[in-house]
Amino acid sequence: MSVFGESGHGKPPKLALHNSWATMTPTAISISSAARDWALLTDELQLHGRAVLPQLLSPDACLAISRLYPQADNFRSRVVMARHGFGRGEYQYFNYPLPALVQQLRSALYPLLVDVANRWNEAMGVAVRYPLEYAVFLARCHAAGQTRPTPLLLQYAGGDYNCLHQDLYGEHVFPLQVTIVLSRPGEDFSGGEFVLTEQRPRMQSRATVVPLAQGDAVVFAVQHRPVAGSRGFYRVNMRHGVSEVRAGQRHTLGIIFHDAQ
Ligand SMILES: O=C(O)CCC(=O)C(=O)O
Ligand SMILES: [Fe+2]
């Protein structure tokens, strides 16, 4: 049984990002390789509820984004996780207009994922369907009062961690999101692994560590994903978080497609 029905789900959308990073040079986002591996990506998402896009961002691009962290005017708000019981460490939500790189990642990744999102909803019996164009989905969020941007930059030092959570910000939810590791595991930091848990009906939670190198992106379910069972699909509840950073500094970029209330 496949959420995706017949394989070959049309052509991957055209992505042309290489020449448009003028404000954040030098950079070399290899999103065309993501498009090349698009069919693999959708299969992996279908099987596991997550998939890795290796080397989505170059080391230069990773560094350029990390360096935005201290520049407060890029951001609309800063969250110190310990104050809210979210963990330890901090993050900031970008302001509109988003930095060019973040904006382009958001609008380039959405079309790669929209087909999976629609098939997931179909399999789970959820009536919502997502438009093929990202601007149309964003307009839907904005019309419902979800107008504040959700892409975020996270910063962890030794002893920091991120509790298991779901990034829900209102009624409108795009069911997949992306996290990109900007720092170098083993060099800039140790520990700090990306963790996903899934809870199946009447079963105990299962955890998975997703190994990621600098520039790698992990795509994963925001909240629910369908899993094929003997009597059709059932709904698995997913959470994500980060294990304790033992030493060093870890930056990540989170791309969430729905905006916040
Ligand atoms: O730092 C991480 O790896 C997780 C970040 C996160 O929670 C997110 O991108 O939503
Ligand atoms: Fe998150």
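Quantities reported herein were computed from a predicted structural model and do not represent experimental measurements.

Focus: helix α5 (residues 100–124)
In step 1: Across its 25 residues, α5 extends 35 Å between first and last C-alpha, which sits within 8% of the 36 Å expected from 1.5 Å per residue.
In step 2: At Leu-113, α5 is bent by approximately 45°, the largest bend along its length.
In step 3: Gly-125 occupies a position one or two residues after α5 and carries a positive phi of about 70°.

Details of the site of ligand 1
In step 1: In the region of ligand 1, the neighbouring residues are Leu-154, Asn-162, Asp-167, Thr-179, Phe-194, His-240, Val-242, Thr-252 and Gly-254.
In step 2: Only β13 (232–242) and β14 (245–255) provide two or more residues apiece to the shell around ligand 1.
In step 3: Here the shell around ligand 1 is built from residues that sort into three nonpolar, five polar and one charged.

Things to note about the environment of Ser-183
In step 1: Tracing the sequence through the fold places Ser-183 in the loop between β7 (176–181) and β8 (189–191).
In step 2: C-alpha of Ser-183 to C-alpha of Thr-150: the two residues are 33 residues apart in sequence and 21 Å apart in space.

Re the UniProt feature "domain: Fe2OG dioxygenase" (unreviewed entry) in the chain
In step 1: UniProt tags residues 147–260 as "domain: Fe2OG dioxygenase" (unreviewed entry).
In step 2: The straight-line gap between the two end C-alpha atoms of residues 147–260 is 6 Å; of that span, 0% is helix and 56% is strand.

Comments concerning the nonpolar core
In step 1: Within the largest apolar cluster, 60 residues are counted, with the highest numbers of intra-cluster contacts made by Ile-65, Leu-109, Leu-113, Ala-117, Leu-176, Ile-180 and Val-219.
In step 2: Among the elements that line this core, the one with the most residues is α5, at 13 residues.
In step 3: With residues up to four places along the chain from it excluded, the contact list for Ile-180 reads Leu-56, Leu-57, Ala-217, Thr-252 and Leu-253.

Thoughts on the pairing of strand β5 (residues 152–157)
In step 1: Relative to β5, strand β4 (residues 90–94) runs antiparallel, the two sharing four bridges. Bridged to Glu-90 within β5 is Gln-155.
In step 2: Sheet topology places β5 next to β14; six bridges connect them, and they run antiparallel. The partner of Leu-152 across the bridge, within β14, is Gly-254.

Details of the confidence of the model for the chain
In step 1: Per-residue confidence for the chain averages 88 on the pLDDT scale, and 86% of its residues sit at or above 70.
In step 2: Per-residue pLDDT stays below 50 along residues 1–29; that stretch engages in 51 contacts with residues further than four places along the chain or on separate chains.
In step 3: What the predictor reports for the complex is a pTM of 0.89 with an ipTM of 0.99.

Examining the environment of Arg-76
In step 1: The topology assignment puts Arg-76 in strand β2 (residues 75–80).
In step 2: It is 8.4 Å that separates the C-alpha atoms of Arg-76 and Pro-149, two residues lying 73 residues apart in sequence.
In step 3: With residues up to four places along the chain from it excluded, the contact list for Arg-76 reads Tyr-93, Asn-95, Arg-148 and Pro-149.

A word on the packing of helix α2 (residues 38–48) against α5
Each pair of packed helices can be summarised by the angle the axes make with each other and by the distance between the axes.
In step 1: Relative orientation of the contacting elements α2 and α5 amounts to 40°, with a least axis distance of 11 Å. By the criterion of interaxial angle, the relationship of α2 to α5 is oblique. Relative to α5, the crossing made by α2 is right-handed. Contacts from Trp-38, Leu-41, Thr-42 and Leu-45 of α2 reach α5 at Leu-112, Asp-115 and Val-116.
In step 2: Class assignment of the residues belonging to the contact of α2 with α5 gives a composition of five nonpolar, one polar and one charged.

Details of α2
In step 1: Within α2 the residues assigned to the buried category are Trp-38, Leu-41, Thr-42, Leu-45 and Gln-46. Around the axis of α2, the buried residues are gathered within 135° of arc, so they sit on the same side.
In step 2: Backbone geometry just downstream of α2 places Gly-49 in the positive-phi region, at approximately 75°.

Basis of the calculations
- Each chain carries its own residue numbering, running from 1 in the direction its sequence is written.
- Ligands are numbered from 1 and chains lettered from A, in the order in which they are written.
- Restriction of local features to residues with pLDDT of at least 70 applies here, the model being predicted, together with a cutoff of 80 or more for giving and counting side-chain atom pairs; totals for whole chains, interfaces and linings are based on all residues.
- Strands here are runs of E lasting at least two residues and helices are runs of H or I lasting at least four, both read from the DSSP assignment and numbered beginning at the N terminus.
- Residue count minus one, scaled by 1.5 Å, sets the expected span of a helix.
- Working definition for bend: take the seven residues up to and ending at a residue and the seven starting at it, fit an axis to each, and measure the angle between the axes.
- Each residue gets a C-beta atom placed from its backbone. If that atom is within 6 Å of a molecule or strand, the residue is near it.
- Residue polarity follows a fixed list, in which Ala, Val, Leu, Ile, Met, Phe, Trp, Tyr, Cys and Pro are nonpolar, Asp, Glu, Lys and Arg are charged, and the others, Gly among them, are polar.
- UniProt positions are given in the numbering used here, feature names are shortened, and annotations may be inferred rather than shown by experiment.
- Any nonpolar core is a set of buried residues, restricted to Ala, Val, Leu, Ile, Met, Phe, Trp, Tyr and Cys, that join up through C-beta atoms within 7 Å.
- Partly exposed residues are those whose C-beta has more than 12 but fewer than 20 other C-beta atoms within 10 Å; with 20 or more the residue is buried, with 12 or fewer it is exposed, and the C-beta atoms are placed from the backbone.
- It is the C-beta atoms, placed from the backbone, that decide contacts: two residues are in contact if theirs lie within 7 Å.
- At least two bridges found by DSSP between two strands is the condition for calling them paired.
- Each residue gets a pLDDT score, which is the predictor's confidence in that residue and runs from 0 to 100.
- Inter-axis angles, ranging from 0 to 180 degrees, are taken between N-to-C directions of lines fitted to C-alpha atoms, where helices are fitted over the stretch in contact.
- Put simply, angles under 35 degrees are roughly parallel, angles over 145 are roughly antiparallel, angles from 65 to 115 are roughly perpendicular, and the rest are oblique.
- By definition, any crossing whose near helix is turned counterclockwise from its far helix by less than a right angle is left-handed, and any crossing with a clockwise turn is right-handed.
- When we speak of the arc, we mean the arc of directions from the helix axis to the C-beta atoms.

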